[in-house]
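Take a look at the letters that make up each chain.
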Amino acid sequence: MDSQTNHSASTPADVLLIDGLRTPQINAATLQSSGFGLLDLAVQCSAPLLLRCAVTPHLLDSLILAAEAESQVQDLRKRLRLDTDTALYQCDHGLSAVALASQQIRSGDADLVLVLSSDLKATPQNDLLTSTQRLARLFDVQDEDASAFAEASRLRADDAEQGGLTNRHRTTLFDSQGHACTEDQPDAVAGACALLLASPRGLQRLKRTPLAHLGASSHAQAPAEYPTLAPLLAATRLLGQQQLSLADIDLWELPESPALALLSHLAAWQDADFCHRQLGLEQPVGRLDPCSLNVHGGSIALGALSATDGCRQLLQLADNLQRNHLPRGIVCEQHAGGHALALLITRPQETSE
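Residues numbered from 1 in each chain as written. Predicted model: local features only at pLDDT ≥ 70, side-chain atom pairs only at ≥ 80, totals over all residues. Heavy atoms only, no water.

Novice: Let's hear about the packing of aromatic side chains: which residues, and what values?
Specialist: Counting across every chain of the model gives two aromatic pairs. Considering the side-chain rings of F139 and F274, the 5.5 Å spacing of their centres and the 80° angle between planes classify their relative orientation as edge-to-face. You can see F139 sitting in the loop between α5 (126-138) and α6 (143-162) and its partner F274 sitting in helix α10 (residues 272-277), a full 135 residues away along the chain. Note that R134 overlies the ring of Y226, its terminal NZ or CZ placed 5.9 Å from the centroid. (Phe/Tyr/Trp six-rings, centres within 6.5 Å; stacked < 30°, edge-to-face > 60°. Helix = DSSP H or I, 4+ residues; strand = E, 2+ residues; numbered from the N terminus. Lys NZ or Arg CZ within 6 Å of the ring centre and 35° of its normal.)

Okay, structure coming up:
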């Protein structure tokens, strides 16, 4: 951050998503044959992103790495040739890293922040199984419903792939032998995503049109016996805090693995008794339009990666809002221990029609 940054600004700075890149999601066989490490994946999406945005490393005020691994963020200073005064941070989940970056920008402590998320293993679902089954029984969601949803998710991802809709924000991976990986692979266990966030001051320095405006966020912790409820609670709280209804949200990116849990959440929003007793609402939240949900496929099709999923979903949502000239969307990320974070994003006014 340069010396012109105003640390004492009375009005919090806007947080803008400038651009993002992700790697293809790769399976275990490719991961083993390529020899990729956690930071290899992170660098292969962050270096081309900085180049595309014409950002030299010395312009970055901070870098935040999301990874469920022992701290490796210090090694990125050398790999990306960062200045010694660039602040480095690490956390477990992608949207948590985005939230930290947003806090730094709003407080005036940063103008340009690079958020990286990287995974080398898929998220285990065993700890969510009991909670998922309980919710499914409560709302009469059947395994057949989940299977149908999973197949639809894969079809949406295939359609997006065939239509070239994921190409703009997906880079090519090259291993040490020069072999290239350009497409997402089934049964993915690894991947990375890089996001460049900026204040309005940082945006002026880049002379670019932002991809999205990052708005309010909400965190929730679910009851211990129902950890899979966390995304529903976080999203409901965010809607209430912003005085929005389902009809006000054009697109959603929600955790869909396991599918039984997501379908149970959608059913719960339509259940008057549940909404009254558990959410404290006088009326049901309502029915979410399925055409607005994970429109290019989600973690069922692309792999459930705990650190990377939130950033990938955020980038996917921002791209779809811009591509379809829609104003508003919500992305939600499931965390371990029954936690979740929901984030509201909007298409910048300067790109609105």
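So much for the structure itself; the text now carries on.
Novice: Tell me about the confidence of the model for the protein, and name the residues and values.
Specialist: Overall, the predicted model of the protein reaches an average pLDDT of 91, with 94% of residues at or above 70. Ignoring residues within four places in sequence, the model shows residues 1-9, a span with pLDDT below 50, making 18 contacts including any to other chains. (pLDDT = per-residue confidence, 0-100. Contact = heavy atoms within 4.5 Å.)

Novice: Can you break down unusual backbone geometry residue by residue, with the values?
Specialist: In this structure, the amide linkage connecting S257 to the following residue, P258, adopts the cis form with an omega of 5°. Relative to the assigned elements, P258 resides in the loop between β10 (251-253) and α9 (259-268). Unlike most non-glycine residues, A54 shows phi in positive territory, near 55°. With respect to the helices and strands, A54 occurs in the loop between α2 (38-52) and β3 (62-66). Its identity is not glycine, yet Q243 carries a phi of approximately 55°, on the positive side.

Novice: Provide a residue-level description of the pattern of salt bridges, including the pertinent values.
Specialist: Applying the stated criterion to the full structure yields 13 salt bridges. For R208, the salt bridge is made with D19, and the minimal N-O distance between the two is 3.2 Å. In this pair, R208 is assigned in the loop between α7 (200-206) and β9 (212-221) and D19 in strand β1 (residues 15-22), connecting sequence segments 189 residues apart. A relative accessible area of 2% places D19 in the buried class. Put simply, D40 and R79 hold a salt bridge, and the shortest N to O gap is 2.8 Å. Within this pair, whereas D40 is found in helix α2, its partner R79 is found in helix α3 (residues 73-79), the two being separated by 39 residues in sequence. Look at R79 and you get partly exposed, because its relative accessible area is 40%. (Salt bridge = Lys/Arg side-chain N within 4 Å of Asp/Glu carboxyl O. Buried < 20%, exposed > 50% of the residue type's maximum accessible area, 1.4 Å probe, protein only.)

Novice: Tell me what's going on with helix α8 (residues 230-241), and back it up with residues and numbers.
Specialist: In an α-helix there are 3.6 residues to a turn, and that puts residues three or four apart on one side. Taking 1.5 Å per residue as the helical rise, α8 with its 12 residues ought to reach 16 Å, and the 16 Å between its terminal C-alpha atoms agrees with that figure. Judged by how many residues are buried, α8 sits mostly within the fold: nine of 12 residues are covered. By the burial criterion, the buried members of α8 are A230, P231, L232, L233, A234, A235, T236, L238 and L239. Positive backbone phi, at 55°, marks Q243, one or two positions downstream of α8. (Expected span 1.5 Å × (residues − 1).)

Novice: Summarise the packing of helix α4 (residues 94-106) against helix α12 (residues 309-323); cite the residues concerned and give the values.
Specialist: Where α4 contacts α12, the two axes come as close as 6 Å, and the packing angle between them is 70°. Relative to α12, the element α4 is oriented roughly perpendicular. Here G94, L95 and V98 of α4 lie close against α12, whose contacting residues are G310, C311 and L314. When the residues that make up the contact of α4 with α12 are grouped by side-chain class, the tally is four nonpolar, two polar and no charged. (Axes fitted to C-alpha atoms, helices over the stretch in contact; angles between N-to-C directions. Parallel < 35°, antiparallel > 145°, perpendicular 65-115°, else oblique. Nonpolar A, V, L, I, M, F, W, Y, C, P; charged D, E, K, R; others polar.)

Novice: Could you give me a rundown of the pairing of strand β5 (residues 112-119), with the residues and numbers involved?
Specialist: With eight of its eight residues buried, β5 lies for the most part within the structure. Neither face of β5 is exposed, since L112, L114, L116 and S118 on one face and V113, V115, S117 and D119 on the opposite face are all buried. Across five bridges, the pairing between β3 and β5 is parallel. Each bridged residue has a counterpart across the sheet, and for I64 the counterpart in β5 is V115. Strand direction decides the pairing type here: β5 and strand β8 (residues 188-198), joined by eight bridges, are antiparallel. Counted as the bridge partner of V115 is L195 from β8. (Pairing = 2+ DSSP bridges.)

Novice: Could you give an account of the side chain of H296, with specific residues and numbers?
Specialist: Assignment of secondary structure puts H296 in the loop between α10 and α11 (299-302). A distance of 3.5 Å separates polar atoms of two side chains, one belonging to H296 and the other to N320. Excluding its chain neighbours within four sequence positions, the residues that come into contact with H296 are R156, A157, A160, L165, Q316 and N320. (Polar contact = N/O pair within 3.5 Å; in protein donor to acceptor, adjacent residues only side chain to side chain.)

Novice: Any details on the environment of V189? Residues and values, ideally.
Specialist: Secondary-structure assignment places V189 in strand β8. Classification of V189 by relative accessible area gives buried; the value is 17%. C-alpha separation for the pair V189 and L305, spaced 116 residues apart in sequence, amounts to 6.9 Å. When sequence neighbours within four positions are dropped, the list of residues in contact with V189 reads I26, N27, A28, L31, D119, L120, K121, A122 and L305.

Novice: How would you summarise α2 if you had to cite specific residues and measurements?
Specialist: Over its 15 residues, α2 runs 22 Å from end to end, which matches the ideal 21 Å to within 8%, given 1.5 Å per residue. Looking at α2, one finds that the buried residues are L38, L39, L41, A42, V43, Q44, C45, S46, L49 and L50.

Novice: Let's hear about the state of the cysteines: which residues, and what values?
Specialist: For the structure on display, the rule yields zero disulfides. No disulfide involves C45; its nearest neighbouring cysteine sulfur is the one of C193, lying 6.3 Å away. (Disulfide = S-S within 2.5 Å.)

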